[in-house]
Amino acid sequence: MDALINAFVALHIIGIASLLGGFLTQMKAMGAGTARFVPAMLHGALTMLVTGVLLVGFREMDGGSLNHIKIGVKLAVLFVVLALVYVKRDEERVEKAAFGAVGGLTVVNIFIATLWH
């Protein structure tokens, strides 16, 4: 079970890298007001959702303890990110506030995952 969990943790990290990487590649465009949500951002957020839910299930099956409040907060933050990216995915230009919110919330999710024990 540990190998399976570790594989899905790696996929979860790949998802967040895709989301954050897509954001970072558009930072210069954000300054010019021409940023858009690239497909990698949507795919990364969806990967995070699927792998995160599976990781919770795997941990529960393995008998591990989970901080359900932490998981709930991370899921809520991810839902906001996913909703913003999904709704505005076809727009040629995304407002700076919405685009910045996705980047900021992604970083918040990373800090929640690593600092909240």
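Computed from a predicted model, the values in this text were never measured in an experiment. Within each chain, residue numbers correspond to sequence positions counted from 1 in written order. Owing to the predicted nature of the model, reporting of local features is limited to residues with pLDDT of at least 70; listing and counting of side-chain atom pairs is limited to 80 or more, with chain, interface and lining totals taken over all residues. The side-chain numbers reported here are obtained from all heavy atoms of the structure, hydrogens and water having been left aside.

> Run through the packing of aromatic side chains, naming residues and quoting values.
Only the six-membered ring of Trp is used, alongside the rings of Phe and Tyr, when aromatic pairs are assigned; centres must lie within 6.5 Å, and planes under 30 degrees apart are stacked while those over 60 apart are edge-to-face, with the rest tilted. In total, this model carries three aromatic pairs according to the counting rule given. Ring centres of phenylalanine 23 and phenylalanine 99 lie 5.0 Å apart, and the angle between their planes is 20°; this geometry places the pair in the stacked category. Of this pair, phenylalanine 23 sits in helix α1 (residues 2-25) while phenylalanine 99 sits in helix α5 (residues 96-115), placing them 76 residues apart in sequence. Partly exposed residues are those whose accessible area sits between 20% and 50% of the maximum for their type, while under 20% is buried and over 50% is exposed, using a 1.4 Å probe and protein chains only. A residue is classified by how much of its surface remains accessible, and phenylalanine 23, at 8% relative accessible area, is buried. Counting every residue linked through ring pairs, the aromatic cluster contains Phe23, Phe37 and Phe99. Cation over ring: arginine 89 sits above tyrosine 86, and NZ or CZ is 3.9 Å from the ring centre. Strands here are runs of E lasting at least two residues and helices are runs of H or I lasting at least four, both read from the DSSP assignment and numbered beginning at the N terminus. Criterion for a charge above a ring: Arg CZ or Lys NZ at most 6 Å from the ring centre, at most 35 degrees from the ring normal.

> Lay out the side chain of glutamine 26 with the relevant residues and their values.
You can see glutamine 26 is positioned in the loop between α1 and α2 (27-32). With a relative accessible area of 14%, glutamine 26 lands in the buried category.

> Describe the pattern of salt bridges, and please don't skip the residues or the numbers.
By convention in these notes, a salt bridge is any Lys or Arg side-chain nitrogen within 4 Å of a carboxyl oxygen on Asp or Glu. Under the definition given, this model contains two salt bridges. Glutamate 91 is the salt-bridge partner of lysine 88, the closest N and O atoms lying 3.8 Å from each other. Take lysine 88: its relative accessible area is 17%, and that puts it in the buried class. Since its relative accessible area comes to 28%, glutamate 91 is described here as partly exposed. Here glutamate 95 and lysine 88 are joined by a salt bridge, their closest N and O atoms 3.2 Å apart. For glutamate 95, a relative accessible area of 40% puts it in the partly exposed group.

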